[in-house]
Amino acid sequence: MSSIQQELVNIVGEDYASDRREELFTYSKDLGTSQPLWPEYVVAPKTTDELQAVVRLANETKTPIVPLGGGLTLAGLALPQKGGIIIDLKRMDKILEVNEQGRYIVVEAGISHGKITSYLKKNHPNLMHSEPGAPPAATVGGNLAIHGQGDLAHPYGFNTDMVNGLEVVLPTGDIARFGSCAVGSGWYTMHPLPDIGLFLGWNGATGIITKVSLKLYPCKKFRENNMFVVENEEFVPDVLFEISHLGMAEDLIATSSEIPPMMNRLHYISIINTGDSEEELEFKRHMTFDVQLAKYIRSGVGGIVSLYDERTRPQVSKSADWKKGGGFEYVGAIVPVSFYPECYRRGSEISGRHFIPYTVLGRVIGSCHSMMFSWSYAFNRADDATVKHARDALHETDELVMEINGTIWKPAIFGQKLMLERMDQGALRLMKEVKKILDPNGIMNPGNWEVD
């Protein structure tokens, strides 16, 4: 047993630290097209104290560490680019506080979104948080590390806009808290203290989030999906803008896909409305279809596909299950809503060149302030040729995002390089200095957001 492995066992116990190849194998892959990358150790701390000790050990020995949540980014962001220790945070999954009147929840960052949803449904059914489109196993810390967004994006923005406070273990092993919790005033707001936004969206390259206060929102008794369809993609931005103007939809998504055939070359707009009564829902249906979208219906531009479809959460990840073959990865971009037509057309062309049925989706963020647009590429894990086609399609899509002046969301290493090449020089210098100050030994998820 190596000295590092022995130290890890001393910190977390024999059952939660391993250098055995059969266990490292599990952590050498993710579900996307990335090539396997092997860690030398994997460790699963239960407490912040244990996590601190692991980080201090890594810093002293200059061993790379990679924090891992649910491992569902699909883009290789939690694969060990330079070996070292993978820190699996899923044992740090406690719910620490729920303040019902203040509408926030404090959790350990390794908790899954599914566990929070289940807990709130059972104990606080009038409250909800923003679930990402990922499967329920996605963790809170992992989602914040990639600037995730979820099914409350339309009214409230990115999930990282819904944070009231953070606790972070720094690369030196020190702990820092941000928000009202930093002055001992509880976890109810991130403001009005000086902004130190150094940990959200960094893929764990500046520190490991351990505790989070998330904003909660009113959870209505009923949730239904009303579907509107248009044939011409040019109308999608206008329709979304009209619906968004009402300020009533909880989630607003446009999607089109080659499979199933009923979706092919049509654009389905999912409008999630909620209410505490049938009267409230009926009012929202009336305002949406009889008032705001009436001109599109009367002119024959679009039509209602379905009403009253009861909707469970999460919604977006289920679209990934429509494909067969076991492999799936996507490029996400943050773009203006007006980009939808070009994103759809160019994306379906890329899919066609690589013999992959096209699947695109755009989720409105804020009141049409932006959109998360995704191009999904399915592949067969047992067929290297289809994996290569998917990987090439992903790279072409990253380049497309840059060409149309979009911003790649949670970019893989290839996409990060494209973004860094375009980035403002002042921002690059600041990122480099921040990384140097926080992580002098370069141990935190090296290879991610690495500025030369």
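Residues numbered from 1 in each chain as written. Predicted model: local features only at pLDDT ≥ 70, side-chain atom pairs only at ≥ 80, totals over all residues. Heavy atoms only, no water.

Draft legend 1. The overall build of the protein chain, seen in detail. When helices and strands are tallied, the protein chain shows 13 helices and 19 strands. The C-alpha radius of gyration computed for the protein chain amounts to 22 Å, which stays within 12% of the reference 22 Å derived for 452 residues, consistent with globular compactness. In the protein chain, which comprises 452 residues, the proportion classed as buried is 56%. Once local pairs closer than 6 in sequence are excluded, the contacts in the protein chain between residues at least 24 apart make up 70%. Charge centroids of the protein chain, computed over 44 positive and 56 negative side chains, lie 1 Å from each other. (Helix = DSSP H or I, 4+ residues; strand = E, 2+ residues; numbered from the N terminus. Rg over C-alpha atoms; globule rule 2.2 N^0.38 Å. Buried < 20%, exposed > 50% of the residue type's maximum accessible area, 1.4 Å probe, protein only. Contact = heavy atoms within 4.5 Å. Lys, Arg positive; Asp, Glu negative; His and termini not counted. Charge placed at Lys NZ, Arg CZ, Asp CG, Glu CD.)

Draft legend 2. Region of interest: the pattern of salt bridges. Applying the stated criterion across every chain, the model contains 23 salt bridges. For the salt bridge of Arg223 with Glu250, the shortest nitrogen-to-oxygen distance reads 2.8 Å. Of this pair, Arg223 sits in strand S12 (residues 222-230) while Glu250 sits in the loop between helix H7 (236-246) and strand S13 (251-257), and the two are 27 residues apart along the sequence. You'll find Arg223 and Glu250 in the same group, each marked buried. The closest approach of N and O atoms between Lys295 and Glu242, which form a salt bridge, is 3.3 Å. Note that Lys295 is positioned in helix H9 (residues 294-298) and Glu242 in helix H7, a separation of 53 residues in sequence. Linked through salt bridges whose partners overlap, the residues forming this network are Lys220, Asp276, Glu280 and Lys284. (Salt bridge = Lys/Arg side-chain N within 4 Å of Asp/Glu carboxyl O.)

Draft legend 3. The environment of Leu144, seen in detail. If you trace the backbone, Leu144 turns up in helix H5 (residues 140-145). Note: C-alpha distance between Leu144 and Ile209 (65 residues apart in sequence) is 8.7 Å. Excluding its chain neighbours within four sequence positions, the residues that come into contact with Leu144 are Asn159, Thr160, Val163, Leu166, Leu200, Gly201, Ile209 and Val212.

Draft legend 4. Fine view of the side chain of Arg223. Take Arg223: its relative accessible area is 15%, and that puts it in the buried class. Only 2.8 Å separates the side chain of Arg223 from the side chain of Glu250, close enough to count as a polar contact. (Polar contact = N/O pair within 3.5 Å; in protein donor to acceptor, adjacent residues only side chain to side chain.)

Draft legend 5. Structural view of helix H13 (residues 425-438). Here H13 contains 14 residues, and its C-alpha end-to-end distance of 20 Å stays within 8% of the 20 Å for a straight helix at 1.5 Å per residue. Of the positions making up H13, those classed as buried are Leu428, Met431, Val434, Lys435 and Leu438. When H13 is viewed along its axis, its buried side chains cluster within an angular range of 125 degrees and face the same direction. What points out from H13, more than 90 degrees from its buried face, is the exposed set Arg429, Leu430, Lys436 and Ile437. Structurally, the start of H13 carries an N-cap: the backbone nitrogen of Gly426 is 3.0 Å from a side-chain oxygen of Asp424. (Expected span 1.5 Å × (residues − 1). Arc of directions from axis to C-beta.)

Draft legend 6. Examining the side chain of Thr255 more closely. In this structure, Thr255 sits in strand S13. Residue Thr255 is classed as buried on the basis of its relative accessible area, which comes to 17%. Engagement of the side chain of Thr255 in a polar contact is seen with the backbone oxygen of Val360, the distance being 2.9 Å. The contact partners of Thr255, leaving out residues within four places of it in the chain, are Met263, Leu266, His267, Tyr268, Tyr340, Val360 and Leu361.

Draft legend 7. Molecular detail of the sheet that holds strand S3 (residues 65-68). The strand order S1-S2-S4-S3 describes an open sheet built from 4 strands, whose pairing is mixed. One side of each edge strand has no neighbouring strand; the edge strands of this open sheet are strand S1 (17-18) and S3. Looking at chain direction, S3 and strand S4 (residues 85-88) are connected through 4 bridges and run parallel. In the sheet register, Val66 faces S4, and the bridge partner there is Ile86. Running over the sheet, helix H3 (residues 48-61) touches strand S2 (41-43), S3 and S4 and is turned about 170 degrees from S4. (Pairing = 2+ DSSP bridges. Axes fitted to C-alpha atoms, helices over the stretch in contact; angles between N-to-C directions.)

Draft legend 8. Fine view of the nonpolar core. The biggest cluster of nonpolar side chains holds 72 residues, and the ones touching the most others in it are Val212, Leu240 and Trp375. In terms of residues, this core owes the most to one element, helix H11 (residues 384-403), which gives 7 residues. When neighbours within four sequence positions are excluded, Val212 is seen to be in contact with Ile105, Val106, Val107, Ala109, Val140, Leu144, Val163, Gly165, Leu166 and Trp187. The next biggest cluster of nonpolar side chains, apart from the first, holds 22 residues, and it includes Ile11, Ile65, Leu89 and Ile443. (Core = buried A, V, L, I, M, F, W, Y, C linked by side-chain atoms within 4.5 Å.)

Draft legend 9. Inspection of the packing of aromatic side chains at higher detail. If you walk through the whole model with that rule in mind, you get 9 aromatic pairs. Aromatic pair Tyr156 and Tyr217: ring centres 3.9 Å apart, planes at 20 degrees, arrangement stacked. On the criterion of sequence distance, the pair formed by Tyr156 in helix H6 (residues 153-156) and Tyr217 in strand S11 (residues 217-218) is long-range, its members being 61 residues apart. Overall, the relative accessible area of 10% leaves Tyr217 in the buried class. Ring centres of Tyr330 and Trp409 lie 6.3 Å apart, and the angle between their planes is 35 degrees; on these two criteria the pair is classed as tilted. Taken together, the residues Tyr330 in strand S16 (residues 326-335) and Trp409 in strand S19 (residues 407-409) connect sequence positions 79 residues apart. Assigned by exposure class, Tyr330 and Trp409 land together as buried. By the ring-pair criterion, three or more aromatic residues cluster together here, those being Phe328, Tyr330 and Trp409. Directly above the ring of Trp409 sits Lys410, whose terminal nitrogen or CZ lies 5.2 Å from the centroid. (Phe/Tyr/Trp six-rings, centres within 6.5 Å; stacked < 30°, edge-to-face > 60°. Lys NZ or Arg CZ within 6 Å of the ring centre and 35° of its normal.)

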